[in-house]
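One letter stands for each residue in the lines below.
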Amino acid sequence: MKHLKFLFPVLLCTLLLGLSSCKETNADRLRAMRGDWESVKNRPAFTLFEENGHYRVTTYRKTYRGTIQTETYQISEQDGNLFIETGLSVLLTYDKENDRILLSPGGEYKRSNPPIKK
């Protein structure tokens, strides 16, 4: 009985550590989201990339003169959620099964094939 009282907490801790390691983190999601994305509903395309340990988003917008205008924003994590810091916080969620990104506000994005011309 003494062995059982000692063994039970050890097994419980081992089980909890095993379960916590299976949980996908935001860093894993960001790693999977790297690449070029295009809007489903004709919004500006963007590229998600890692630079110096920080994840960033660069948007590409064609001007009326035909030139490409770019803007780069940093991605931050608050309370377990990912946000693009554009002056306003844009919520960033990833649907791994369909390989889609949902920006709120901003719409739905799919992976770009071929890559965006820069």
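Refer to the preceding data block for the structure.
Since we're looking at a predicted model, the values are computed, not measured. (Residues numbered from 1 in each chain as written. Predicted model: local features only at pLDDT ≥ 70, side-chain atom pairs only at ≥ 80, totals over all residues. Heavy atoms only, no water.)

Q: Any chance you could break down unusual backbone geometry for me, citing the residues and the numbers?
A: Peptide bonds are, in most cases, trans, and in most cases residues other than glycine have a negative phi. A cis amide bond links Ser104 to the next residue, Pro105, at an omega of -5°. On the secondary structure map, Pro105 appears in the loop between strand 7 (100-104) and strand 8 (107-111). For Asn42, which is not glycine, the phi dihedral falls at a positive 60°. Examined against the element boundaries, Asn42 turns out to sit in the loop between strand 1 (35-39) and strand 2 (45-51). The class for Asn42 is exposed, based on a relative accessible area of 78%. (Helix = DSSP H or I, 4+ residues; strand = E, 2+ residues; numbered from the N terminus. Buried < 20%, exposed > 50% of the residue type's maximum accessible area, 1.4 Å probe, protein only.)

Q: Please set out the environment of Leu92 residue by residue, giving values where relevant.
A: By the secondary structure assignment, Leu92 is in strand 6 (residues 89-95). Distance from Leu92 to Leu82, taken between C-alpha atoms, is 5.3 Å for residues 10 residues apart in sequence. In this structure Leu92 touches Leu30, Met33, Leu48, Ile75, Leu82, Ile84, Ile101, Leu102 and Leu103, once residues within four positions along its chain are discounted. (Contact = heavy atoms within 4.5 Å.)

Q: Run through the side chain of Thr58, naming residues and quoting values.
A: The topology assignment puts Thr58 in strand 3 (residues 54-62). Overall, the relative accessible area of 8% leaves Thr58 in the buried class. Here the side chain of Thr58 touches Thr72 through a polar contact of 2.9 Å, side chain to side chain. (Polar contact = N/O pair within 3.5 Å; in protein donor to acceptor, adjacent residues only side chain to side chain.)

Q: Explain the sheet that holds strand 1 to me, and be specific about the residues and the numbers.
A: Strand order in the closed barrel formed by eight strands is 1-2-3-4-5-6-7-8, with antiparallel pairing between adjacent strands. Averaged over all pairs of adjacent strands, the angle between strand axes in this sheet comes to 30°, irrespective of strand direction. Direction of pairing for strand 6 relative to strand 7: antiparallel, over a ladder of five bridges. Counterpart to Thr93 in the pairing with strand 7 is Leu102. (Pairing = 2+ DSSP bridges. Axes fitted to C-alpha atoms, helices over the stretch in contact; angles between N-to-C directions.)

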